[in-house]
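# Examining the three-dimensional arrangement
Here is what each chain is made of, one letter per residue.
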Amino acid sequence: MSGGGTPPVDPLALRLQFLKGVGPRKAADFAKAGLETVEDLLYRLPFRYEDRSRMRPVRSLKPGERAAVSGTIISAHLLRTRRRGFTIFHAVLSDASGSIRCTWMNQPFLADVLVPQLSVVIFGDVRLDSSGLHFLNAEYEAVEAEDADGRTPLRTGRIVPFYERTGQVTPNMQRRLVRDALDRLPPVLSDRIPPEVVARVGLPDRREAFEGAHFPPNEADVEALNQCATAAQRRLIFDEFFLFQAGHAWRRLSLAGELKPRPVVMSDAIRAAAARVLPFKLTPGQRTALKEIVDDMCRPEPMHRLLQGDVGSGKTIVALIAAVVAMEHGLQVAFMAPTEILAGQHYRNIATLLSHSRFRVELLTGSTPALEKRAAYASLARGSTHLVVGTHALVQDDVAFRELGFVVIDEQHRFGVAQRAALRAKGLRPDVLLMTATPIPRTLALTDYAELDVSKIPDRPPGRTPITTLVRPESRRDEVYALVQAQIAAGRQAYVVYPLVAESEKSDLKSATEMAEHLQTEVFPAFTVGLLHGRMKADEKAQVMQAFLSGRTHLLVSTTVIEVGVDVPNATVMVIEHAERFGLSQLHQLRGRVGRGTHASTCVLLYQSPWTDEARQRLQAMHETDDGFVIAERDLELRGPGDFFGTRQSGVPALRTGDLVRDRDLMERAHAEARQVIAEARLPESLVTFLRDEWPARFGFIEVG
Ligand code: ADP
Ligand code: MG
């Protein structure tokens, strides 16, 4: 260390190529794996630990066990066999209790390493052959009382960490590198996490955590280590989660930095006005969600909230009541739907509900005639239209509002920072309510949507009929047909759905077409069977759907997913063929096509063997619950975060240290703590620097706006 002008170097920021034994080649391998600094290396936790701490007397060894012994090499020799290049190295190790043979295949260099008189620790499988007990290809490590480098044994005689291999860097080398890196650290490290947070969560300091996670003391609980449940490991996981969440909380706050021109002030008059619009009693879930939304509207900073609830849970009315509250304040409302058809549906629905109020509602979509459009623009700009329903373009185009105060977005997941920035650029800082029927697991809500607040409607309006879900093997097909027969005979209708099966769209189509023919001619000759598939033209599809909706078709055979929005209340049976091939959320969506009327419904999951264990668990989950939130959590558990987030094309960065499923409690905690720290503006300087300079790159987000 030189004194004087050199600025203090953060030992964790040291680049890996400056560690002993890391040349450009290994540094490149590390970089490829995203590891550039000592800090990166230390946050890469072992994926497994093995207890090699207890030395066993040689005499006590038994065949078939894995054990560690410590002793001296008393003899060694290398055999070259007749097979070219094949070598066997034999050594005999002895301790106070006896001696044992150790054999290594094809590692001739050991003749220079494990020399007689050397003190070593051996760890491995104890085997028995005709000439007695021996170790085969065991791990070894020299124990030198006075190691020239003062090095301690790392892979024997202790609880040993195992790392994922990184290119050229073997797990063994990584162990040594981590040790060296740790040895360079000063006893006290700076910390980006405020000390009171660390204390509140009950975690050790960072220096201690690094040591304990990589080289745990021999008395540590190996099982807990392997589950990543020790305080040391959890501290490092928490660090990552906290930094991630702090970035979101920070963004959220800086977006909220600009305050709403006019927050809502609740009064009895407003409550009464809202109650007049309400056609029925809200469920407890709806009431809670509405309260959360209105509370946000009363706050000075703009709302950014996600309202989740299964299809049919009654999100629209909640949004509409909140909209009435806004309109009572003279604020305008934009209600956006993903398609023109859905916009039309919302418009009719809302116009009916508001028909006795003084509020004027307008529909504005791409197909609105130019003349009407111009008139609508004008009345929005004047403020004489209070609520406008339309597609996403509503807040993007040149639509001008007199005072837009509340935006509702139905089924729009990706309305985020960029869109809000676009609104702010127009001088608009409305409250924003996003609505989705795709249940989002809590962990995902906390990550992908971390800058949002989340409300849930967990219950359903009264009077809904339950859906019974049956899981049946192919061999019980007749029983399933009997059920369909009975329901259609009683005046109901049924769906039979085929998955997007493996080979090709063609063969899917073929099996669905053949199935429809078979069902029509051989199974249900007395009924009318319809067929719907993706290759049909739009008007053909519409005809098929219309026939089913009107009841002319009794049974509808369909490939893949039946269009979203299909609503045939008289349909009471959903048969899903090859259910073992569907994902959980898709099964749940399909099941939601029935149970929409007053008659009890059944969903039959027909499966064909062989099915995987995971498929069995999926169908079991479907049988056990029809709660979309539970289904979403199970889906995440079964598929694991990588797959789950991968297929969702999510913005979730690859979290390196923690696991969103295993460590979800920590993510929850990190979310709460980060929001508090940011809200109270008690940020250590190093955290501010990190959030400003490193966070976007580290967590892989592209900032827009
Ligand atoms: P989604 O959450 O899928 O958007 P909707 O808002 O379309 O659900 O509501 C589904 C249906 O349930 C609508 O016909 C709506 O009028 C009705 N509904 C909503 N809430 C209630 C309630 N509390 N009591 C009775 N019916 C309700
Ligand atoms: Mg809806």
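Described below are features of the structure shown in this document. Sequence order as written defines the numbering, with residues in each chain counted from 1. Chain letters start at A and ligand numbers start at 1, both assigned in the order the entries are written. Only residues with pLDDT of 70 or above have their local features reported here, since the model is predicted, and side-chain atom pairs are shown and tallied only from 80 upward, although totals for entire chains, interfaces and linings are computed over all residues. As a rule here, side-chain values come from all non-hydrogen atoms in the structure, and water together with hydrogens is ignored.

## A short note on the overall build of the chain
- Broken down by element type, the chain carries 23 helices and 21 strands.
- Across the 705 residues in the chain, those meeting the buried criterion constitute 50%.
- When the accessible surface of the chain is split by element, carbon and sulfur atoms take 53% of a total near 32700 Å². Only runs of H or I of at least four residues qualify as helices and only runs of E of at least two qualify as strands under DSSP, and these elements are numbered from the N terminus. Burial classes: relative accessible area under 20% of the type maximum marks a residue as buried, over 50% as exposed, and values in between as partly exposed (1.4 Å probe, protein chains only). All accessibility values rest on the Shrake-Rupley procedure with a 1.4 Å probe; residue burial counts only the protein chains present in the view.

## Re the layout of surface pockets
- When its volume is computed, the second largest pocket comes out at roughly 610 Å³.
- Every definition here rests on a 1 Å grid over the protein atoms only: cavities are sets of points where a 1.4 Å probe fits but cannot get out, pockets are open sets enclosed by protein on both sides within 12 Å along at least five of seven lines, and lining residues have some atom within 4 Å of a point. Lining of the second largest pocket is provided by 25 residues; of these, Glu39, Asp40, Arg192, Phe690 and Glu694 occupy positions nearest its centre.
- For the lining of the second largest pocket, the element with the most residues is helix H23 (residues 685–698), which contributes 6 residues.
- Only Asp, Glu, Lys and Arg are considered charged in this grouping, and only Ala, Val, Leu, Ile, Met, Phe, Trp, Tyr, Cys and Pro are considered nonpolar; every other residue, Gly among them, is considered polar. The residue inventory of the lining of the second largest pocket, partitioned by class, reads 7 nonpolar, 6 polar and 12 charged. Grid points are joined across faces, edges and corners, and a volume is the space filled by probe spheres set on the points.

## Notes on the nonpolar core
- What makes a nonpolar core is a set of buried Ala, Val, Leu, Ile, Met, Phe, Trp, Tyr and Cys residues whose side-chain atoms join them at distances within 4.5 Å. Counting residues in each nonpolar core, the largest one holds 55 residues, and the members touching the most others are Leu19, Phe30, Leu41, Leu42, Phe210, Phe238 and Phe242.
- Considering each element in turn, this core owes the most residues, 10 residues, to helix H8 (residues 231–256).
- Whether two residues are in contact is decided by their heavy atoms: any pair within 4.5 Å suffices. Leaving out residues up to four positions away in the same chain, Phe210 has contacts with Leu12, Leu42, Tyr43, Leu182, Leu185, Leu189, Phe215 and Leu236.
- Grouped together as the second largest cluster of nonpolar side chains are 39 residues, Leu290, Ala323, Val333 and Leu387 included.

## Focus on the environment of Ala615
- With respect to the helices and strands, the residue Ala615 is situated in helix H20 (residues 613–624).
- Judged by relative accessible area, Ala615 falls into the buried class, the value being 1%.
- Here the alpha-carbon distance between Ala615 and Phe582, two residues 33 residues apart in the chain, equals 8.3 Å.

## Topic: the site of ligand 1
- We call a residue near a given molecule or strand whenever any one of its heavy atoms falls within 4 Å of it. Ligand 1 sits among 15 residues. The nearest are Lys281, Gln286, Gly312, Lys315 and Thr316.
- Polar contacts, as used here, are pairs of N or O atoms within 3.5 Å; protein pairs need one atom able to donate a hydrogen and one able to accept it. Residues neighboring in sequence count only if both atoms are side-chain atoms. For ligand 1, an oxygen atom lies 2.6 Å from a polar atom in the backbone of Gly312.
- When the free accessible area of ligand 1 is taken as 570 Å², the share hidden by the protein chains comes to 70%.
- Considering only residue class, the shell around ligand 1 consists of 5 nonpolar, 6 polar and 4 charged.

Any link to function would need more than the numbers given here.
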